[in-house]
Amino acid sequence: METAAESVVSFAGLLRQFRAEARLTQEELAEAAGLSPRSVSDLERGINRTARKDTAVLLADALSLTGQVRELFVAAARGRAPAAEVLAARPDRAVGGSAAAVTRSLPRDIGGFTGRDAEMARLLETLADVTADGGGPGICVIDGMAGVGKTTLAVHAAHRLARSFPDGQFFLPLHAHTPGQQPVRPADALASLLLTAGVSVQQIPPAVEARAGRWRDHVAGKKVLLLLDDAAGHEQVRPLLPGTPGSLVLVTSRRRLTALEDSAVISLGTLSPAEAVAMLARLAGRPGLGAGDGPAGEIARLCGYLPLAIGMLARQLRHHPARTGTELAAGLAAARDRLAGMRAENLSVASAFDLSYADLGEAQQQLFRRLGLTAGADIDAYAAAALDDTSLEVARGQLDELYDHHLLTEPAPGRYLLHDLLREYARALAAAGSADSGAAAGRLVNYYAHVAAAASRHIATWTTAGGRLPPADPPASAPQLATSSEAATWFESERPNLHAAVNYAATHEMPVHAVAIAAAMGGFLRARGHWDQAAEQYQTALTAAREAGDLPGQAGVLDELGLLQQLTSDYQAAAATLAEAIGLFGELGDLPGQAYALNHLGLVQVDLADYPAAAASHRQALALARDAGDRLAEAVSLIDLGMVQQMTGDYQAATVSYERALPLARSAGSAFDEADALCELGAVQRLTGDYPAAITSEHQALELFRHLGDRLGQAWALDELGRVHQLTGDYPAAAACLAEAIELFRALGNRHGVTKALNSLGELLLRTSAVREAQSRHAEALAIARELGTPDEQARALEGIGRSLLHRAPAEAVAYLRRALEIYQKIGAPAARHVQDTLDSQSP
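Residues numbered from 1 in each chain as written. Predicted model: local features only at pLDDT ≥ 70, side-chain atom pairs only at ≥ 80, totals over all residues. Heavy atoms only, no water.

**Q** Got a sec to walk through the overall build of the chain? Specific residues and values, please.
**A** Broken down by element type, the chain carries 40 helices and nine strands. Dimensions along the principal axes, computed over C-alpha positions, put the chain at roughly 125 × 60 × 55 Å. The buried share among the 844 residues of the chain stands at 55%. For the chain, the share of sequence-separated contacts (at least 6 apart) that also reach a separation of at least 24 residues comes to 66%. Element-wise, carbon and sulfur atoms account for 51% of the exposed surface of the chain, whose accessible area totals about 34,500 Å². The positive charge centre, built from 75 side chains, and the negative charge centre, built from 97, are 7 Å apart in the chain. (Helix = DSSP H or I, 4+ residues; strand = E, 2+ residues; numbered from the N terminus. Buried < 20%, exposed > 50% of the residue type's maximum accessible area, 1.4 Å probe, protein only. Contact = heavy atoms within 4.5 Å. Areas by Shrake-Rupley, 256 points an atom, 1.4 Å probe, with all protein chains shown as cover. Lys, Arg positive; Asp, Glu negative; His and termini not counted. Charge placed at Lys NZ, Arg CZ, Asp CG, Glu CD.)

**Q** Pulling in residues and values, what's your account of the nonpolar core?
**A** Counting 217 residues, the largest nonpolar core has Phe353, Phe368 and Trp490 as its most contacted members. What Trp490 contacts, discounting residues up to four positions off in sequence, is Tyr447, Tyr448, Val451, Ala452, Ala455, Pro479, Leu481 and Leu498. By size, the runner-up hydrophobic cluster in this structure holds 55 residues, among which are Leu15, Ala51, Leu190 and Val201. (Core = buried A, V, L, I, M, F, W, Y, C linked by side-chain atoms within 4.5 Å.)

**Q** How would you summarise empty space enclosed by the protein if you had to cite specific residues and measurements?
**A** By the definition in use, this model includes four cavities of 30 Å³ or more. Of the volumes computed, that of the largest cavity is approximately 90 Å³. Lining the largest cavity we find His458, Ile459, Ala460, Ser484, Ala488, Phe524, Ala527, Arg528, Phe672, Leu708 and Asp710. For the lining of the largest cavity, the elements supplying multiple residues, two or more each, are helix 23 (484–507) and helix 24 (511–528). When residues in the lining of the largest cavity are grouped by element, the largest group, three residues, is from helix 24. (1 Å grid on protein atoms, 1.4 Å probe; cavity = no way out; pocket = protein on both sides within 12 Å on 5 of 7 lines; lining within 4 Å. Points joined across faces, edges and corners; volume = space filled by probe spheres on them.)

**Q** Let's hear about the packing of aromatic side chains: which residues, and what values?
**A** Under the defined criterion, the tally for this structure stands at 13 aromatic pairs. Ring plane angle 25° and centroid distance 5.3 Å describe the contact between Phe491 and Phe524, whose orientation is recorded as stacked. Pair noted here: Phe491 is in helix 23 and Phe524 is in helix 24, with a separation of 33 residues, a long-range link. The ring of Tyr403 has Arg256 lying over it, and the distance from NZ or CZ to the ring centre is 3.6 Å. When the ring centre of Tyr382 is taken as reference, the NZ or CZ atom of Arg396 above it lies at 5.9 Å. (Phe/Tyr/Trp six-rings, centres within 6.5 Å; stacked < 30°, edge-to-face > 60°. Lys NZ or Arg CZ within 6 Å of the ring centre and 35° of its normal.)

**Q** Tell me about the packing of helix 14 (residues 295–302) against helix 16 (residues 325–334), and name the residues and values.
**A** Packing of helix 14 against helix 16 leaves a shortest axis separation of 9 Å and a crossing angle of 35°. Helix-helix and strand crossings are classified by hand; for helix 14 and helix 16 the assignment is left-handed. For the pair helix 14 and helix 16, contact is made by Pro295, Glu298, Ile299 and Leu302 and by Gly325, Thr326, Leu328, Ala329, Leu332 and Ala333, respectively. Here the residues of the contact of helix 14 with helix 16 sort into seven nonpolar, two polar and one charged. (Axes fitted to C-alpha atoms, helices over the stretch in contact; angles between N-to-C directions. Left-handed = near helix turned anticlockwise from the far one by under 90°. Nonpolar A, V, L, I, M, F, W, Y, C, P; charged D, E, K, R; others polar.)

**Q** So what about the packing of helix 29 (residues 611–628) against helix 30 (residues 631–647)? Which residues, and what values?
**A** Interhelical geometry of helix 29 versus helix 30 gives an angle of 160° and a closest axis separation of 9 Å. With respect to helix 30, the element helix 29 is oriented roughly antiparallel. As helix 29 runs across helix 30, the sense of the crossing is left-handed. Contacts from Tyr611, Ala614, Ala615, His618, Arg619, Ala621, Leu622, Ala625 and Arg626 in helix 29 reach Ala633, Glu634, Ser637, Leu638, Asp640, Leu641, Val644, Gln645 and Met647 in helix 30. Considering only residue class, the contact of helix 29 with helix 30 consists of eleven nonpolar, three polar and four charged. (Parallel < 35°, antiparallel > 145°, perpendicular 65-115°, else oblique.)

**Q** Any chance you could break down the side chain of His406 for me, citing the residues and the numbers?
**A** Within the secondary structure layout, His406 lies in the loop between helix 20 (392–404) and strand 8 (409–412). If near-sequence neighbours (up to four positions away) are discounted, His406 is found in contact with Asp143, Gly144, Met145, Arg254, Arg255, Arg256, Ser267 and Leu422.

**Q** Before we move on, could you go through the environment of Tyr731 and cite the residues and values that matter?
**A** Position of Tyr731 among the secondary structure elements: in helix 35 (residues 731–748). Here Tyr731 falls in the partly exposed class, since its relative accessible area comes to 28%. Between the C-alpha atoms of Tyr731 and Ala519, which are 212 residues apart in sequence, the distance is 42 Å. Beyond its immediate stretch of four places on either side in the chain, Tyr731 contacts Gln726, Leu764, Arg767 and Thr768.

**Q** Tell me about the sheet that holds strand 1 (residues 138–143), and please be specific about residues and values.
**A** Here five strands make up an open sheet; going across it, the order is 2-3-4-1-5 and the pairing parallel. Looking at the sheet topology across the chains shown, the edges are occupied by strand 2 (169–173) and strand 5 (264–267). For this sheet the average axis-to-axis angle between neighbouring strands, irrespective of direction, equals 15°. Examined bridge by bridge, strand 2 and strand 3 (residues 225–231) share five bridges and lie parallel to one another. Residue pairing in the sheet places Leu172 in a bridge with Leu228 of strand 3. Strand contacts of helix 9 (residues 150–161): strand 1, strand 2, strand 3 and strand 4 (248–253), with the helix running at about 165° to strand 4, the strand carrying the most contacts. (Pairing = 2+ DSSP bridges.)

**Q** I'd like a description of helix 21 (residues 420–432), backed by residues and values.
**A** With 13 residues, helix 21 should cover 18 Å at 1.5 Å per step; its first-to-last C-alpha distance of 19 Å lies within 8% of that length. Buried within helix 21 are the following residues: Leu421, Leu422, Arg423, Glu424, Tyr425, Ala426 and Ala430. Looking at the buried residues of helix 21, the elements they touch are helix 14, helix 15 (307–319), helix 17 (349–358), helix 18 (362–371), strand 9 (415–417) and helix 22 (437–456). (Expected span 1.5 Å × (residues − 1).)

**Q** Hey, could you go over the confidence of the model for the chain for me, with residue numbers and the actual values?
**A** Counting all residues, the mean pLDDT for the chain is 89, and 95% of those residues have values of 70 or more. Under a pLDDT of 50 for its full length, residues 1–8 has, in the predicted model, 13 contacts with residues more than four places off or in other chains. Of the regions scoring below 50 in pLDDT, residues 93–101 engages in 17 contacts with residues more than four places distant in sequence or in other chains. (pLDDT = per-residue confidence, 0-100.)

**Q** Give a detailed account of helix 35, specifying residues and quantitative values.
**A** An α-helical turn contains 3.6 residues, so a residue and the one three or four places further along point in the same direction. Over its 18 residues, helix 35 extends 26 Å from the first C-alpha to the last, a length consistent with the 26 Å expected when each residue adds 1.5 Å. For helix 35, every residue scored as buried is listed here: Ala734, Cys737, Leu738, Ala741, Ile742, Leu744, Phe745 and Leu748. Relative to the axis of helix 35, the buried residues are bounded by an arc of 165° and lie together on one face. Opposite the packed face of helix 35, turned more than 90 degrees from it, sit the exposed residues Pro732 and Glu743. At its buried positions, helix 35 is contacted by helix 24, helix 25 (531–548), helix 34 (711–727) and helix 36 (751–767). (Arc of directions from axis to C-beta.)

**Q** Report on the pattern of salt bridges, specifying residues and quantitative values.
**A** Taken as a whole, this structure holds 30 salt bridges when the rule is applied. Put simply, Glu560 and Arg526 hold a salt bridge, and the shortest N to O gap is 2.6 Å. Remark: Arg526 occurs in helix 24 and Glu560 occurs in helix 26 (residues 551–567); sequence separation between them is 34 residues. For the pair formed by Glu560 and Arg526, the shared burial category is buried. A single network of salt bridges, built from pairs that share partners, joins Asp378, Asp380, Arg415 and Glu494. (Salt bridge = Lys/Arg side-chain N within 4 Å of Asp/Glu carboxyl O.)

**Q** Can you lay out unusual backbone geometry for me, pointing to particular residues and giving the numbers?
**A** Unusually for a residue other than glycine, Asp230 sits at a positive phi of about 65°. Assignment of secondary structure puts Asp230 in strand 3. Look at Asp230 and you get buried, because its relative accessible area is 13%. Phi at Asp389 is positive, roughly 55°, even though this residue is not glycine. Inspection of the secondary structure assignment puts Asp389 in the loop between helix 19 (381–388) and helix 20.

Here it is in structure tokens:
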């Protein structure tokens with residue numbers, strides 16, 4: 001029958017004990033024996049269960065073993081004698097023998113340890129709690145993804161803290177993720193600790209509970225530091241914990257040990273960019289590598305700031321002195337498989353990830369692989385359920401499992417993120433695995449298209465394209481978005497994912513989905529100022545629609561694109577795009593679509609001060625809207641027609657148009673168009689001298705725009721408020737409104753809006769006698785207006801400059817005013833009368 005001693009001692013444990021008693025690290029023992037550190041490590045981890053005779057003799061020499069103990073040690077190393085006999089042959093290990101010397105078995109510390117200041121501070125706080133004599137030992141769990149540097153930090157911290165624990169410092173690998181080795185059982189871990197602490201084999205009981213009690217008794221009242229590395233779970237750790245205060249236990253794990261009570265937790269993230277660059281330069285032995293904007297930052301970024309990856313590439317540079325950092329960065333950036341280059345000897349980042357992946361159940365592995373298919377930033381449970389073709393409840397559980405294994409992070413509540421290298425690893429697994437990857441990605445795109453279409457119904461879209469559903473069935477689970485605020489929040493959270501979905505759909509024979517998502521996002525992207533993203537998506541969706549021969553899709557996207565081009569002052573392109581959209585809508589017999597596109601063309605014509613053409617476009621749109629029975633399109637047409645009437649001085653007709661549009665917009669439930677009508681009505685009220693009514697209208701419009709989160713609408717209302725406040729003499733309020741309007745217009749990239757608000761500010765400054773500053777603001781507006789080719793704001797800027805010069809340079813002022821008058825008369829603007837009056841007053 002096997003004895004208790006035989007059951008707890010292997011040659012791996014024997015070698016660890018002898019090395020610990022000799023106060024040698026693995027590296028020091030290897031150097032003394034003339035072996036490689038890897039050889040010692042493999043023997044201690046049980047990867048190599050036996051050794052050659054010459055290796056055993058070298059180890060015995062390095063450990064200063066003599067006599068019978070030496071002979072039995074060599075025999076045990078070769079598998080020809082039980083390891084327990086070696087211990088039994090040692091007189092100082094007999095029952096009742098003398099106590100062992102203090103154990104100091106920590107691995108070698110890294111001399112040039114980099115970063116992690118905040119984490120070290122947290123560990124020192126834990127030490128302070130221990131020294132305060134609480135109710136038990138201090139426990140600090142350091143968890144994190146594979147390769148993030150958990151063991152390195154724990155060992156470094158243990159060395160720094162060692163003096164506070166004079167009764168011993170123990171290092172015990174638990175091998176949750178050691179290739180070819182099973183995790184250490186609690187019983188074997190306790191035996192190893194007891195042997196390392198000097199307890200004889202005969203005094204180690206067979207049962208795990210008894211061993212745990214023996215261990216707790218041995219360290220009771222002592223101050224020891226115990227580092228348990230690479231724990232598989234709380235069941236493996238709990239029996240190893242001391243039972244009395246004064247000790248500190250550091251635990252590293254790739255899992256979140258949520259069931260381990262009374263433990264402080266440090267979840268280790270990747271390095272900061274600065275820390276990563278410093279680590280790369282130090283390990284590469286090239287101090288100048290991290291200077292300035294060199295390649296080190298790009299290498300660190302491509303490594304995802306993961307210490308394991310950075311270390312491997314740094315050592316490549318160290319061992320290849322002819323290779324430059326620039327070459328390494330370029331090769332890494334161009335590589336189709338970045339992970340393949342992140343290796344050192346038989347170690348690699350991918351193999352480290354393999355061990356974490358192997359921990360997962362089959363369903364979790366499937367979801368992890370499919371997450372690699374996503375091109376967006378992060379994912380929530382609804383999208384994961386669609387991707388994995390499962391229920392919302394199951395998806396949430398699977399995501400939480402991946403999070404607990406540190407294969408996902410949770411940067412915001414309910415939103416999960418793959419590290420860049422883990423995403424690449426998951427994508428490679430998916431490519432090498434099942435053939436349903438395309439179906440999974442298609443389900444995700446379909447989910448985004450359906451929810452985006454639903455969300456767009458709560459956002460002012462300005463077109464008929466938004467809300468168009470793709471032909472596929474809706475997802476089984478989707479968030480309920482009942483308000484504009486909820487819809488806008490969802491759009492903002494999913495914006496990068498939706499952008500990626502448009503690109504995927506366009507290149508994977510899902511053109512209707514590409515159009516649906518791009519169109520559904522249009523109103524939100526315009527309102528929030530994400531105009532570059534909108535333009536790119538429209539072009540992508542338009543190409544897909546043309547390739548598929550989707551005429552409704554083409555018409556809708558062209559209308560969206562033309563409107564965006566108008567807002568960005570690309571008037572020539574906008575006119576051509578909208579003309580094409582109008583033609584397609586006409587071919588399709590889509591009256592509302594034709595009406596919206598005509599209104600957008602009218603906006604281009606207004607900005608170019610072609611008021612007769614604009615009036616014709618809006619009147620045609622109004623007729624089409626009424627023929628179609630589309631009340632919202634009718635409201636929009638009335639608002640836009642009112643703008644032309646206002647610009648040409650027909651204030652009574654403009655007022656009628658706005659007042660007719662308001663109830664139509666309200667009955668259609670369009671808060672945006674209600675705000676738009678109020679904003680334009682306020683402008684007419686200002687022009688007709690009804691300042692109190694104008695202020696009321698603009699405040700109502702501003703409140704609605706703010707509620708909608710529409711930044712462009714806010715800028716419009718603020719500009720108008722600034723103009724009316726200056727007329728009432730409330731100059732501070734006017735200045736505040738105009739400053740905010742200019743900031744918004746600039747942030748949005750709406751240069752025509754910037755010119756309007758600058759001219760408004762110039763007029764305010766002139767009223768406050770800041771004539772030189774007024775001239776500067778008008779000059780700035782004039783330069784932009786000339787570049788854009790917008791005559792109305794050119795004339796307004798010329799008039800402002802002329803008025804700022806009247807008392808300083810009358811002749812020059814008259815020249816500017818005459819140029820302004822010429823433009824006003826050409827476009828038919830009512831401001832011509834005021835300029836003419838001023839010029840008449842300057843005549844002798």
